[in-house]
Amino acid sequence: MKEQIKKSMQYNQIVDIIYMAKDNTLTKRRIKLIKIAGDTVQAYCFTRHAKRTFKIDNILAVYPVISKVSGLNA
């Protein structure tokens, strides 16, 4: 998982994560990675509208957000 997070940070991607909170509830968060520090990730969380720290071990899935640009013809 850590390698996937590093790659997302390298490409400056906004990602969605599935995260297990302290109380064992699952949440989906949309984040912009800021830095990796040991076993945690600092990121701006668009869900909470704040900078948050996430434990890497509690990140269950990571996938990039694909933005759709309207008005373009293929």
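Definitions and limits used
- Residues numbered from 1 in each chain as written.
- Predicted model: local features only at pLDDT ≥ 70, side-chain atom pairs only at ≥ 80, totals over all residues.
- Heavy atoms only, no water.
- Phe/Tyr/Trp six-rings, centres within 6.5 Å; stacked < 30°, edge-to-face > 60°.
- Helix = DSSP H or I, 4+ residues; strand = E, 2+ residues; numbered from the N terminus.
- Buried < 20%, exposed > 50% of the residue type's maximum accessible area, 1.4 Å probe, protein only.
- Polar contact = N/O pair within 3.5 Å; in protein donor to acceptor, adjacent residues only side chain to side chain.
- Pairing = 2+ DSSP bridges.
- Axes fitted to C-alpha atoms, helices over the stretch in contact; angles between N-to-C directions.
- Contact = heavy atoms within 4.5 Å.

### Looking at the packing of aromatic side chains
(1) Moving on: For the structure shown, the criterion picks out two aromatic pairs.
(2) Moving on: Here Tyr19 and Phe54 contribute two aromatic rings whose centre-to-centre distance is 5.0 Å and whose plane-to-plane angle is 80°, an arrangement assigned as edge-to-face. On the criterion of sequence distance, the pair formed by Tyr19 in strand β1 (residues 14-20) and Phe54 in strand β4 (residues 50-55) is long-range, its members being 35 residues apart. Side by side, Tyr19 and Phe54 carry an identical accessibility label, which is buried.

### Considerations on the side chain of Arg29
(1) Moving on: Note on placement: Arg29 falls in strand β2 (residues 26-37).
(2) Moving on: Looking at Arg29, its side chain comes within polar contact range of the side chain of Thr27, at 3.4 Å.

### Focus on the sheet that holds β2
Note on sheets: strands pair through backbone hydrogen bonds, and any given pair is parallel or antiparallel.
(1) Moving on: Sheet architecture is open: five strands sit in the order β4-β3-β2-β1-β5, paired in antiparallel fashion. Bordering the open sheet on either side are β4 and β5 (59-64), each of which pairs with just one other strand. Pairwise comparison of adjacent strand axes, ignoring direction, gives a mean angle of 45° for this sheet.
(2) Moving on: Where strand β3 (residues 40-45) lies against β4, six bridges are found, and the strand directions are antiparallel. Across the sheet, Thr40 pairs through a bridge with Lys55, a residue of β4.
(3) Moving on: The strands touched by helix α1 (residues 2-10) within the sheet are β1, β2, β3 and β5, with β2 carrying the most contacts at an inclination of about 70°.

None of this, on its own, says anything about what the molecule does.
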